[in-house]
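# Descriptive analysis of the structure
This is what each chain is made of:
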Amino acid sequence: MLSCRDVADLTSDYLNRDLPLRRHLAVRLHLLMCVGCRRYYRQMRTTLAMLRQLGRDTTGASADRARDLFRSHRSV
Amino acid sequence: MCYSRRTALDCPDMSPTVPSEDALLDRALNGDEDAFVELVDLYHAPLLRFARTFVRQPSQAEDVVQDAWVGVLRGLERFERRSSFKTWMFRIVANRAKTRAVREQRYVQFDVQEDGADAAENFTEDGRRNAPPREWKMTPERLLLSVETRALIEAALEQLPDNQRVVVTLRDLEGLEAADVCNVLSISETNQRVLLHRGRTKVRSALAAALE
């Protein structure tokens, strides 16, 4: 039986779906029974969603600068 | 002969063309300016953010990324297709940024040391929680939509130790796989895992401090 501390240590891998099946199920079982860990897991999941969103929000570079770079350095 | 019921699989030339990055690179190297602009547009900003984790001055990070693009254009860097274009490009920037960071005597250490990331969670001796984490004042939906929380997550990321920030940036913001992150940074799988775990844990704690 996993302790809350074990589950906290495994949460990141659990979110990545990186755990062997038996471990994955053990974490899941613990989350079903433990309110504190469930809340912690949900907050980690939200954190991860926010980080991913930050990655998607990054805007591109200006096309003009890319064109200048290309024209001055293109291999011939 | 193509019929109206055919699928993209039956008739590959009719499928919507999303030029792969490899193909864009080939075109750019053959003198296609638009292909190059498209690649830069896709990756310049993420590469810049990544370079900034090694060299803090924005102008120097900009130099590093620009040099990387120039290296690609001049054929100084050869893409051997052993990884995705994206991973390859991050690796070039990592190597160049590391060289520059060493010159500035600012070196990112990827060894894993105890840093007490998890102790803050307060467990009893037998590993149980002393108390459940407090609820956050905003729902995940609102957190993801709100402009203010974007600043919050950026600040939390900024406060991470360099090595954790680099790994979280590559895995969670850029969506690289674990193996690719190990390749880009030349670190072991174990270190990658530990740095990612600690980084995410700290970002959650920073959010909790603002949202409880």
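It should be noted that the structure appears before, not after, this text.
### A short note on the overall build of chain B
Broken down by element type, chain B carries 9 helices and 0 strands. Listed N to C, the secondary structure of chain B is α-α-α-α-α-α-α-α-α in terms of helices and strands. Pairs at least 24 apart in sequence give 66% of the contacts found in chain B among residues at least 6 apart. Approximately 11,400 Å² of chain B is accessible, and the part contributed by carbon and sulfur atoms is 49%.

### Thoughts on the pattern of salt bridges
Side-chain pairs of opposite charge can arise whenever the charged atoms involved come near each other. Counting across every chain of the model gives 18 salt bridges over all chains. With its nearest N and O atoms 2.6 Å apart, the salt bridge here joins Arg82 of chain B to Glu80 of chain B. Note on accessibility: Arg82 of chain B and Glu80 of chain B belong to one class, exposed. Here the salt bridges do not stand alone but share partners, grouping Arg67 and Arg71 of chain A together with Glu33 and Asp34 of chain B into one network.

### Re the side chain of Thr46 of chain A
With respect to the element layout, Thr46 of chain A can be found in helix α3 (residues 35–57). Relative accessible area serves as the criterion here: at 8%, Thr46 of chain A is assigned to the buried category. Apart from residues lying up to four places away in sequence, Thr46 of chain A is in contact with Trp136, Pro140 and Leu143 of chain B.

### What about the packing of helix α7 (residues 162–173) of chain B against helix α8 (residues 178–185) of chain B?
Residues and elements named next belong to chain B. Look at α7 against α8: their axes get within 10 Å of each other, and the N-to-C directions meet at 135°. Judged on the interaxial angle alone, α8 and α7 are oblique. The handedness of the crossing between α7 and α8 is right-handed. Residue-level inspection shows Val166, Val167, Leu170 and Arg171 of α7 in contact with α8, the latter providing Ala178, Val181, Val184 and Leu185. Here the contact of α7 with α8 is composed, by residue class, of 7 nonpolar, no polar and 1 charged.

### Notes on a nonpolar patch on the surface
Residues and elements named next belong to chain A. Taken together, Met1, Leu29, Leu32 and Met33 make up a surface patch of nonpolar side chains, about 510 Å² in accessible area. Examined against the element boundaries, Leu29 turns out to sit in helix α2 (residues 21–33). Residue Leu29 is classed as partly exposed on the basis of its relative accessible area, which comes to 46%.

### Concerning the interface of chain B and chain A
Taken together, the contact pairs 54 residues of chain B with 41 residues of chain A. Counting the surface chain B buries against chain A, the share from its top three residues, Glu33, Leu144 and Arg200 of chain B, is 15%. The interface formed by chain B and chain A holds 6 salt bridges in total. Put simply, Arg39 of chain A and Glu135 of chain B hold a salt bridge, and the shortest N to O gap is 3.6 Å. There are 15 residue pairs in polar contact (both at pLDDT 80 or more) connecting chain B and chain A. At the level of secondary structure, the elements contributing two or more residues to the side of chain B that touches chain A comprise α1 (21–29), α2 (33–51), α3 (58–73), α5 (140–145), α6 (147–158), α7 and α9 (189–211) of chain B. Tallying contributions element by element places α2 of chain B first for the side of chain B that touches chain A, with 10 residues.

### Considering unusual backbone geometry
At Arg17 of chain A, a residue that is not glycine, the phi angle is positive and equals roughly 60°. Tracing the backbone through its elements, the reader meets Arg17 of chain A in the loop between α1 (4–16) and α2. The residue Ser186 of chain B is not glycine, and still its phi comes out positive at about 55°. Take Ser186 of chain B: it is sitting in the loop between α8 and α9.

### Regarding the environment of Leu54 of chain A
Turning to its location among the elements, Leu54 of chain A is positioned in helix α3. Leu54 of chain A gets classed as buried once you look at its relative accessible area, which sits at 3%. Taking the C-alpha atoms as reference, Leu54 of chain A lies 27 Å from His24 of chain A; in sequence the two are 30 residues apart. Residues contacting Leu54 of chain A, with those up to four places away along its chain left out, are Arg49, Arg150, Ile153, Glu154, Leu157 and Leu173 of chain B.

### Describing the nonpolar core
Considering soluble globular proteins, one finds that nonpolar side chains tend to be buried as a cluster. Membership of the largest hydrophobic core comes to 64 residues, with the highest contact counts inside it found for Phe50, Trp69, Phe85, Met89, Leu170 and Leu185 of chain B. Looking at this core element by element, the count peaks at 10 residues for α2 of chain B. Apart from residues no more than four positions distant in its own chain, Phe85 of chain B is found in contact with Glu21, Asp22, Leu25, Leu39, Tyr43, Trp69 and Phe79 of chain B. Core analysis: the next-biggest nonpolar cluster, separate from the first, contains 17 residues, Leu2, Tyr14, Cys34 and Cys37 of chain A among them.

Conventions we followed
- Residues numbered from 1 in each chain as written.
- Chains lettered and ligands numbered in written order.
- Predicted model: local features only at pLDDT ≥ 70, side-chain atom pairs only at ≥ 80, totals over all residues.
- Heavy atoms only, no water.
- Helix = DSSP H or I, 4+ residues; strand = E, 2+ residues; numbered from the N terminus.
- Contact = heavy atoms within 4.5 Å.
- Areas by Shrake-Rupley, 256 points an atom, 1.4 Å probe, with all protein chains shown as cover.
- Salt bridge = Lys/Arg side-chain N within 4 Å of Asp/Glu carboxyl O.
- Buried < 20%, exposed > 50% of the residue type's maximum accessible area, 1.4 Å probe, protein only.
- Axes fitted to C-alpha atoms, helices over the stretch in contact; angles between N-to-C directions.
- Parallel < 35°, antiparallel > 145°, perpendicular 65-115°, else oblique.
- Left-handed = near helix turned anticlockwise from the far one by under 90°.
- Nonpolar A, V, L, I, M, F, W, Y, C, P; charged D, E, K, R; others polar.
- Patch = residues over 30% accessible without salt bridge, like charges linked within 9 Å, V, L, I, M, F, W, Y side chains within 5 Å.
- Buried area = accessible area lost by both parts, 1.4 Å probe.
- Polar contact = N/O pair within 3.5 Å; in protein donor to acceptor, adjacent residues only side chain to side chain.
- Core = buried A, V, L, I, M, F, W, Y, C linked by side-chain atoms within 4.5 Å.

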